Structures are given as C-alpha cells and as structure tokens.
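Observations on the three-dimensional arrangement
In case you want the letters, here they are:
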Amino acid sequence: MVKGKPPPLSERRRFLLQALQGIGLATLGAVTWSAYLDEAKGSKLFLRPPGALNESDFLSHCIRCGLCVEACPYDTLKLSRVGDNVPLGTPYFTAREIPCHMCDDIPCVPPCPSGALDAVLVSKIDKAGTTKLDIGMAKMGIAIVDSDQCIAYWGIQCDACYRACPLINEAIVIDHSRNDRTGKHALLVPRVVPDVCTGCGMCEKVCVTEKASIFVLPLEVAKGKAGSNYIKGWDEKDEKRLETQRGGGETTVTPTSSQKPVDYLNDEEF
Amino acid sequence: MGWLKKHRFLILRRLTQISMIVFYFAANAWGWKVLEGNIGSSLFLGTIPLADPFAVVQMSAAGALLGLDVLIGAVIITLFYAIIGGRAFCSWVCPINMVSDAANRLRRVLRINEVERRVVISRHLRYWVLALSIALSAIFGVAAFEFISPIGMVSRGLIFGIGFGGAVVAGVFLFDLFGVKNGFCGHLCPLGGFYSLIGRFSVIRVKHNQEKCTLCMKCTTICPEKPVLHMIGKRSEFVAMGECTNCARCIEVCDDDALNFNIRLFKQQDKE
Ligand code: SF4
Ligand code: SF4
Ligand code: SF4
Ligand code: SF4
Ligand code: SF4
C-alpha cells in the first residue's frame with residue numbers, strides 16, 4: 001500500500017462525522033445533567049414551608065422566586081444555595097436555627113405565584129361556610145422524640161418542648177409513669193401526637209440537650225405505612241373499607257377470595 | 001461628552017440591570033413594593049405578576065399544573081419581548097450579562113482574541129441545550145435548567161444575600177475569557193436561545209445604513225452575536241436575526257452613524 005496524505009474528507013463524510021460528534025456531545029451532556037438531577041432530587045432531609053405540595057409536586061411547581069421567603073416575618077424560610085443539600089434555589093427551613101412560628105395569617109403562603117404553596121392545604125371551612133387560613137392544618141413534618149437522649153426519659157424534670165409548642169397539650173402531651181429506677185418518683189415525658197403536630201419545629205429549637213432530642217423530620221421520612229390490609233375495626237370509617245374490598249385492593253387470592261371479607265369472617269368455620 | 005455619547009446605551013443598560021437588583025434586594029431587605037421576588041418570578045408594584053416564560057415551559061413539561069399568577073406573569077413577559085424588546089432580556093436585565101461583558105472587555109484589553117486557539121462550538125448548541133432542558137424536565141418532573149442555571153444562582157445570591165454564586169460567576173467569566181468568546185451567552189445558555197426564538201419578530205431592531213458605512217468593522221468586533229451583523233457594508237437592512245440582544249453596542253461604536261435603532265413594522269418591510 002502506498003502511504004501518503006489521506007484524501008480530503010468528502011462532504012458527506014464530514015457531515016456524518018459532525019453529526020456524530022454532535023450526538024456524542026449531547027449524550028454526554030444529557031447523561032451528566034441527568035445524573036445531577038437524579039442526585040439533587042434524591043435529598044429529602046429538609047423542611048418545606050407550610051402549605052407545600054408533596055415533595056415531587058412541589059419541585060415541579062416552585063419557580064424559586066423567594067416571595068414566600070420575603071413574606072416570612074421571622075426569617076424562617078431561606079432559599080437553598082449550592083451545598084445546602086436541598087434542590088437548588090427552593091425554599092426550606094432549619095428548625096434548630098429558626099423554626100416556623102405558625103403565624104395565624106400564614107403570610108408566606110398567599111404570595112406564592114406558582115401553586116407550590118397551596119392555601120387550600122392550610123385552610124379550613126368554618127361553620128359559616130367560609131374558608132379560612134388555619135396554620136394548624138400545616139404538615140411541614142413530624143416531631144420525633146429520641147427517648148434515649150431526651151433527659152425527661154432519664155427522670156430529669158424538663159418540659160421545654162411541651163411549653164414551646166404552639167399547640168401545647170395537643171401536639172405534644174406529657175405522659176406520666178412510675179420511675180422504676182428510683183422507685184419513688186414519676187417520669188413526665190413528652191409524647192408527640194402525630195395527627196396534630198404541624199412540624200413547625202418550635203420544640204426542636206428549644207430542646208435543651210446539646211443536639212436536639214426532639215426534632216422534626218419531613219413526613220415522607222418520618223412516617224411508616226401500615227398498608228391497606230390492616231383495618232381499624234373500632235373505627236367506623238376505616239371499617240367501611242371492608243365493604244369495598246372485593247376485587248380491588250388486595251391481591252392475595254385464596255379459595256375464599258370470591259367471598260366478601262365480611263362473609264368470610266362470619267363464616268361458620270370461625 | 002463624547003464618551004457619554006459613545007456609552008449612552010451601555011450606561012442605561014447598567015442602570016437597568018443594577019436598579020432591578022437593587023429593587024429586588026430592597027424588597028427582601030426592607031419590604032419595598034416595587035419589584036419583589038427575583039428574576040424567576042416577581043411581583044411588580046405589588047400587583048402585576050411577572051414570570052420567566054422559559055421556567056414556566058419547563059415546569060409545564062415537568063407536568064405541573066401551575067398557579068394562575070405565574071402563568072399570567074409568563075404571558076406578560078413573553079408578549080413584551082415578542083412584540084417590543086426582542087432578546088433585550090439578555091443585555092438589559094440578565095445579571096450574567098455584566099460578567100460576560102467584563103470577560104469580553106478583558107479579552108480586548110489583553111488582546112486574547114488575537115492569540116486564540118480556535119475552539120469551535122456551534123452557536124446552535126444553545127438550541128440543543130434548550131431542547132434538552134425541556135426533555136429532561138419532562139423525564140425528571142422538575143424544571144431541569146433551573147437546577148443548574150447560573151442566572152438564577154447569581155440573581156438569588158445577590159438578592160437574598162446567600163453568597164454570590166461566586167463559583168458560577170467565576171466559571172462563566174473564565175470560560176468566556178479563555179475558552180470561547182461569548183462562550184456562555186452566545187453558545188450555551190438556553191434562556192438566551194429561548195429569548196432569541198420568541199424575540200425574533202419584535203418591532204425594536206437595529207438597522208444598518210449601508211451608504212454611511214465606512215467598513216471599519218468596529219461593530220462586528222464589539223458585537224456579542226457577530227453573525228447577526230452579516231449585512232454590514234453590504235445591504236441596508238434590519239438586524240433581523242433573533243440572536244441580536246439589542247444591546248446597542250454596535251450603534252455606539254459606529255463613528256459614521258451607520259447603525260441605529262428603528263421600528264420594524266412588517267408592512268413596511270414587505271415594501272422594501
Ligand atoms: S407560618 Fe409564619 S413563621 Fe412559619 S414560615 Fe410562614 S411566615 Fe414564616
Ligand atoms: S413563593 Fe412559591 S414559587 Fe416562590 S419560592 Fe416560595 S414556594 Fe417557590
Ligand atoms: S410538637 Fe414540635 S413540631 Fe409539632 S407542633 Fe409542637 S412544637 Fe411544632
Ligand atoms: S444568554 Fe443567558 S446568561 Fe447570557 S445574557 Fe442571555 S439569558 Fe443571560
Ligand atoms: S447587532 Fe448590535 S445590538 Fe445586536 S447584539 Fe450585536 S452589537 Fe448588540
């Protein structure tokens with residue numbers, strides 16, 4: 001074979017190569033970008049403002065304008081920056097620094113232009129039929145007590161969180177029991193009522209231990225899920241589920257599956 | 001006086017860019033009600049919503065059923081640039097513009113242009129990034145570009161005092177200085193691409209007067225989107241390509257009054 005200068009690229013070849021290069025670069029970009037998005041969407045350990053949609057809807061709605069941040073009189077809310085481990089530019093708060101003070105008029109929610117903060121989620125319809133903002137409906141997270149480090153569980157008198165809770169005696173209650181260690185004292189320990197707790201974080205803020213022993217976690221992180229196969233037989237509403245159970249819902253099929261669960265339970269064999 | 005005249009639009013642009021940031025900042029810091037929010041979405045005079053239409057497009061692609069305010073805001077902004085401003089966002093509003101102008105200035109001072117190794121990226125790349133932004137938004141259910149946008153980072157950083165987005169600014173600056181001339185704004189930024197597309201038919205445009213042109217080419221040297229000035233010295237016509245940012249630098253540097261702002265009405269252009 002004769003070696004020499006290769007012939008100049010044909011137009012067609014040049015075009016194809018350039019197209020290939022473009023596709024290659026685009027793929028590289030897309031892959032890197034996707035990896036980053038996936039990673040950024042994965043972080044979950046932060047608290048959103050009251051009235052926030054569930055996290056995935058919130059992320060697609062929030063335009064990162066910061067109007068909620070500007071409206072908050074306590075400087076609770078801030079927009080995340082690089083390194084905060086919160087999707088970039090979205091509003092969140094850190095309860096141990098500045099918790100949500102559960103403003104009655106919830107000034108942070110109405111200014112939201114995008115619907116990422118939804119007033120409906122923090123409103124109640126009163127008896128007269130008018131819709132009114134009610135911060136008690138907020139579900140920013142749930143307070144969890146670390147009963148190992150909370151000094152009240154050691155028998156030391158402390159009710160800082162209980163007193164700080166804007167929903168005192170509703171969201172946190174104090175349970176009494178005998179102190180088995182001393183045999184003659186009482187244990188007065190805080191217990192969070194998950195249905196009521198708004199996740200405002202006032203308790204976390206005031207907790208006296210070095211690192212808060214009561215702290216708010218986002219719902220998605222803090223909540224378990226019993227699954228639809230457990231039914232509260234003492235709860236009329238929950239029991240209604242039994243009636244609609246045939247067909248849909250459960251998938252375990254046994255010879256008795258064709259019967260309504262109610263009939264099955266009432267069968268003679270039981 | 002001469003200097004002032006040579007920089008009249010530049011001064012106006014800096015004034016607009018900076019005063020917007022000042023108003024945003026004051027809204028956050030002292031509760032002024034002139035312009036609240038940030039470049040992504042704002043409330044003008046406490047009543048008129050404004051929103052970044054590109055963000056809204058991404059969010060809709062992500063499947064969000066957005067609130068009315070943000071939709072109205074996006075329509076207002078779209079109409080403004082589509083009918084009046086063209087791609088003026090880039091040279092009159094966007095904070096990154098100051099960064100890229102600074103890089104360009106230093107480029108000219110250091111004469112980097114003359115030693116530059118030709119790094120070729122197509123100016124069309126931004127439209128691919130634009131398409132990719134929308135595709136990834138749809139796939140991941142989040143506004144994809146907003147996760148990495150240096151524009152958002154810098155504007156939030158300045159307004160909410162959460163750091164300057166210093167690393168991003170440095171990144172854009174160095175890329176523009178040593179990498180590609182107008183690398184970010186002229187090649188990569190999908191928001192610039194977006195405004196180029198919607199601003200294509202706006203009425204305010206630069207117009208070239210070929211008879212007055214002495215072919216000094218100062219305009220093409222200063223222009224951040226050089227290809228849009230393809231008619232210089234050849235034909236008297238409007239700078240019609242959407243990529244022109246209406247920055248008016250070409251008008252200012254021209255010593256022969258061969259470039260000027262003009263109103264383009266399509267009726268009139270048909271006759272030409
Ligand atoms: S309810 Fe009040 S304190 Fe809590 S985030 Fe909203 S504005 Fe801030
Ligand atoms: S006001 Fe709404 S859209 Fe704006 S940052 Fe807050 S949650 Fe996001
Ligand atoms: S228990 Fe804590 S987080 Fe829950 S409402 Fe009370 S203070 Fe707020
Ligand atoms: S191209 Fe992008 S970064 Fe540059 S000025 Fe326009 S919007 Fe801003
Ligand atoms: S043509 Fe003139 S106004 Fe348009 S981008 Fe170039 S320098 Fe700016």
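Residues numbered from 1 in each chain as written. Chains lettered and ligands numbered in written order. Predicted model: local features only at pLDDT ≥ 70, side-chain atom pairs only at ≥ 80, totals over all residues. Heavy atoms only, no water.

Bringing the domain arrangement of chain A into the picture now. Residue and element names in this part refer to chain A. By the assigned domains, chain A splits into domain 1 (37-140) and domain 2 (142-221). Between the C-alpha centres of domain 1 and domain 2 there is a distance of 25 Å. Of the residues lining the interface, 18 residues belong to domain 1; the matching set on domain 2 comes to 25 residues. Here domain 1 packs against domain 2, burying approximately 1600 Å² in sum over the two surfaces, 59% of which is carbon and sulfur. When the area that domain 1 buries against domain 2 is broken down by residue, the three leading residues are R96, M102 and K139, summing to 41%. The tally of links between domain 1 and domain 2 comes to zero salt bridges. (Domains from an automatic or database assignment. Contact = heavy atoms within 4.5 Å. Buried area = accessible area lost by both parts, 1.4 Å probe. Salt bridge = Lys/Arg side-chain N within 4 Å of Asp/Glu carboxyl O.)

A word on the packing of helix 3 (residues 53-61) of chain B against helix 12 (residues 190-198) of chain B. How two helices pack is summed up by the angle between their axes together with the distance between the axes. Residue and element names in this part refer to chain B. At a minimum axis separation of 10 Å, helix 3 and helix 12 run at an interaxial angle of 105°. As the angle between them shows, helix 3 and helix 12 are arranged roughly perpendicular. Residue-level contacts link P53, F54 and V57 of helix 3 to P190, L191, F194 and Y195 of helix 12. When its residues are assigned to classes, the contact of helix 3 with helix 12 shows seven nonpolar, no polar and no charged. (Axes fitted to C-alpha atoms, helices over the stretch in contact; angles between N-to-C directions. Helix = DSSP H or I, 4+ residues; strand = E, 2+ residues; numbered from the N terminus. Parallel < 35°, antiparallel > 145°, perpendicular 65-115°, else oblique. Nonpolar A, V, L, I, M, F, W, Y, C, P; charged D, E, K, R; others polar.)

It is worth spelling out the sheet that holds strand 1 (residues 35-38) of chain B at this point. Residue and element names in this part refer to chain B. Within the open sheet, the three strands sit side by side as 1-2-3. Their pairing is antiparallel. The outermost strands of the open sheet, each flanked by one partner alone, are strand 1 and strand 3 (48-51). On average, adjacent strands in this sheet sit at an angle of 15° to one another, irrespective of strand direction. Here strand 1 runs beside strand 2 (residues 41-44); their pairing, made up of four bridges, is antiparallel. Residue G37 lies in a different strand from strand 2, and its bridge partner there is S42. This element, helix 2 (residues 8-30), spans strand 1 and strand 2 of the sheet and lies at about 90° to strand 1. (Pairing = 2+ DSSP bridges.)

Let's shift gears to the environment of L65(B). Residues and elements named next belong to chain B. Topologically, L65 is positioned in the loop between helix 3 and helix 4 (68-85). Taking relative accessible area as the criterion, L65 reaches 76% and is therefore assigned exposed. Between the C-alpha atom of L65 and that of N113, which follows or precedes it by 48 residues, the distance is 47 Å. (Buried < 20%, exposed > 50% of the residue type's maximum accessible area, 1.4 Å probe, protein only.)

Time to look at the interface of chain A and chain B. Taken together, the contact pairs 32 residues of chain A with 39 residues of chain B. Both faces considered, chain A and chain B share a buried interface measuring about 2800 Å² in area, 70% of it formed by carbon and sulfur atoms. Interface area lost by chain A to chain B is led by W33(A), I63(A) and E70(A), which between them contribute 25%. For the pair chain A and chain B, the interface holds zero salt bridges. Seen at the junction of chain A and chain B, the total is 10 residue pairs in polar contact (both at pLDDT 80 or more). At the level of secondary structure, the elements contributing two or more residues to the side of chain A that touches chain B comprise helix 1 (11-42), helix 2 (55-61) and helix 3 (67-71) of chain A. (Polar contact = N/O pair within 3.5 Å; in protein donor to acceptor, adjacent residues only side chain to side chain.)

Let's shift gears to the domain arrangement of chain B. Note: interface size is frequently given as the accessible area lost on complex formation between the parts. Residue and element names in this part refer to chain B. Here chain B is partitioned into domain 1 (2-197) and domain 2 (203-271). Put simply, the middle of domain 1 and the middle of domain 2, counted by C-alpha atoms, are 23 Å apart. Per-residue buried area on domain 1 facing domain 2 is highest for K6, F9 and R87; these three make up 30% of the total on that side. Scanning the region where domain 1 abuts domain 2 turns up four salt bridges. The closest approach of N and O atoms between K6 and D255, which form a salt bridge, is 2.8 Å. At the boundary of domain 1 with domain 2, the tally comes to 18 residue pairs in polar contact (both at pLDDT 80 or more). Elements with a contribution of two residues or more to the side of domain 1 that touches domain 2: helix 2, helix 4, helix 5 (88-92), helix 8 (125-140) and helix 11 (183-188).

Residues and elements named next belong to chain A. As judged from the eight bridges shared by strand 6 (residues 172-179) and strand 7 (residues 185-192), these two strands associate in the antiparallel manner. For I174, the partnering residue across the bridge sits in strand 7 and is P190. Hairpin connection between strand 6 and strand 7: a loop of five residues separates the two successive antiparallel strands, and G183 in this loop has a positive phi of roughly 80°.

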